[in-house]
There are 2 protein chains.
Amino acid sequence: MTAFTHYRDHVGSNPDKHFKAMLFQGSMMMVGLNCLEPGQNQPMHDHSSSDKVYIVMEGTGTFTIGEETREAGVGEVVWAKSGVAHGVENKGSTRLVALICIAPPPT
Amino acid sequence: MTAFTHYRDHVGSNPDKHFKAMLFQGSMMMVGLNCLEPGQNQPMHDHSSSDKVYIVMEGTGTFTIGEETREAGVGEVVWAKSGVAHGVENKGSTRLVALICIAPPPT
């Protein structure tokens with residue numbers, strides 16, 4: 001199995017809810033993709049025992065992390081420490097693509 | 001403390017060796033930056049009990065992961081599972097900037 005991939009090869013969409021893909025998974029971390037079409041959202045949720053990071057690769061998202069809500073665009077890094085509620089909404093006009101790492105991986 | 005940052009605000013260089021920055025750290029994961037000027041390298045090493053991922057944000061790098069050596073450019077994701085030796089060399093003519101996540105964080 002190769003250790004190399006391009007995020008773009010994993011982009012997709014789902015008409016009903018945000019699209020998720022898994023790029024790599026180890027015992028300590030999962031690397032994936034969250035894709036949100038305009039108008040879609042990922043409801044607020046938390047991972048009680050995992051740290052998570054979003055890295056915006058395309059588009060913009062309105063992220064809420066705990067009490068903080070901000071729009072983030074390409075190159076921005078958004079941090080959801082374990083136990084902190086987080087969610088994202090795509091209020092833009094193009095697809096939002098964010099790489100995510102979750103450690104340890106969700107079970 | 002904000003949960004939002006732009007990777008570009010953490011880019012730097014070091015004439016003697018590759019430049020490292022830390023963006024976020026939790027108990028399960030660290031998010032950082034590796035910046036390599038042309039000609040610089042990060043010698044082969046492994047993290048015996050951490051998974052690591054590189055996400056190339058600028059430039060290109062020649063990555064070796066275990067037995068596999070490949071050049072990776074912007075948008076490529078390079079996976080070094082725990083225990084797998086890895087390193088990178090910048091054979092290009094511009095700075096290589098890679099976001100990295102290490103889980104759990106190095107001690």
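Calculation notes
Residues numbered from 1 in each chain as written. Chains lettered and ligands numbered in written order. Predicted model: local features only at pLDDT ≥ 70, side-chain atom pairs only at ≥ 80, totals over all residues. Helix = DSSP H or I, 4+ residues; strand = E, 2+ residues; numbered from the N terminus. Rg over C-alpha atoms; globule rule 2.2 N^0.38 Å. Buried ≥ 20, exposed ≤ 12 C-beta atoms within 10 Å, placed from the backbone. pLDDT = per-residue confidence, 0-100. Pairing = 2+ DSSP bridges. Axes fitted to C-alpha atoms, helices over the stretch in contact; angles between N-to-C directions. Contact = placed C-beta atoms within 7 Å. Nonpolar A, V, L, I, M, F, W, Y, C, P; charged D, E, K, R; others polar. Least-squares fit on C-alpha atoms with pLDDT ≥ 70 in both. Core = buried A, V, L, I, M, F, W, Y, C linked by C-beta atoms within 7 Å. Domains from an automatic or database assignment.

**Thoughts on the overall build of chain A**
Reasoning step 1: Each helix and strand counted, chain A has zero helices and 10 strands in total.
Reasoning step 2: The order of helices and strands in chain A, counted from the N terminus, is β-β-β-β-β-β-β-β-β-β.
Reasoning step 3: Scaling as 2.2 N^0.38, a compact globule of 107 residues should have a C-alpha radius of gyration of about 13 Å, and chain A matches this with 13 Å.
Reasoning step 4: Its C-alpha atoms put chain A at 35 × 30 × 25 Å along the principal axes.
Reasoning step 5: Counting across all 107 residues of chain A, residues that qualify as buried make up 45%.

**Focus on the confidence of the model for chain A**
Reasoning step 1: Across chain A, the average pLDDT comes to 96, with 100% of residues at or above 70.
Reasoning step 2: What the predictor reports for the complex is a pTM of 0.96 with an ipTM of 0.96.

**Looking at the sheet that holds strand 9 (residues 86-89) of chain A**
All names here are of chain A.
Reasoning step 1: Strand order in the open sheet formed by four strands is 4-9-6-7, and the pairing between neighbours is antiparallel. Each end of this open sheet is capped by a strand with a single partner; those strands are strand 4 (41-45) and strand 7 (68-72). In this sheet, adjacent strand axes meet at a mean angle of 20° when their direction is disregarded.
Reasoning step 2: For strand 4 and strand 9, the ladder comprises three bridges, and the chain directions are antiparallel. The partner of Gln42 across the bridge, within strand 9, is Val88.

**Some remarks on the interface of chain A and chain B**
Reasoning step 1: Listed by partner, the interface residues are 35 residues for chain A and 35 residues for chain B.
Reasoning step 2: Elements with a minimum of two residues in the side of chain A that touches chain B: strand 1 (4-6), strand 2 (19-25), strand 5 (51-58), strand 7, strand 8 (76-80) and strand 10 (96-103) of chain A.
Reasoning step 3: Among the elements that line the side of chain A that touches chain B, the one with the most residues is strand 8 of chain A, at five residues.
Reasoning step 4: Its residues placed into classes, the side of chain A that touches chain B shows 21 nonpolar, eight polar and six charged.
Reasoning step 5: Bridge count between strand 8 of chain A and strand 1 (residues 4-6) of chain B: three bridges; the pairing is antiparallel. For A:Val77, the partnering residue across the bridge sits in strand 1 of chain B and is B:Thr5.

**Overview of the relation of the copies chain A and chain B**
Reasoning step 1: Each copy superposes on the other: chain A lies on chain B with an RMSD of 0.0 Å after a rotation of 180° and an axial shift of 0.0 Å. Both copies of the chain, as the preceding transformation shows, are related through a two-fold rotation axis. The position closest to the rotation axis in chain A is occupied by the C-alpha of A:Ala103, lying 3.1 Å away.
Reasoning step 2: With an isologous cut-off of 70% or more, the 100% of interface residues of chain A that recur at the interface of chain B puts this contact in the isologous class.

**Considering the nonpolar core**
Reasoning step 1: In terms of nonpolar packing, the biggest core is built from 62 residues, with A:Met29, A:Val53, A:Cys101, B:Met29, B:Val53 and B:Cys101 touching the most fellow members.
Reasoning step 2: Split by domain, this core shows at least three residues from each of two domains, domain 1 (1-40) and domain 2 (44-82) of chain A.
Reasoning step 3: Ignoring anything within four residues of it in the chain, the contact list for A:Val53 reads A:Val77, A:Val78, A:Trp79, A:Ile100, A:Cys101, B:Phe24, B:Met29, B:Val31 and B:Cys101.

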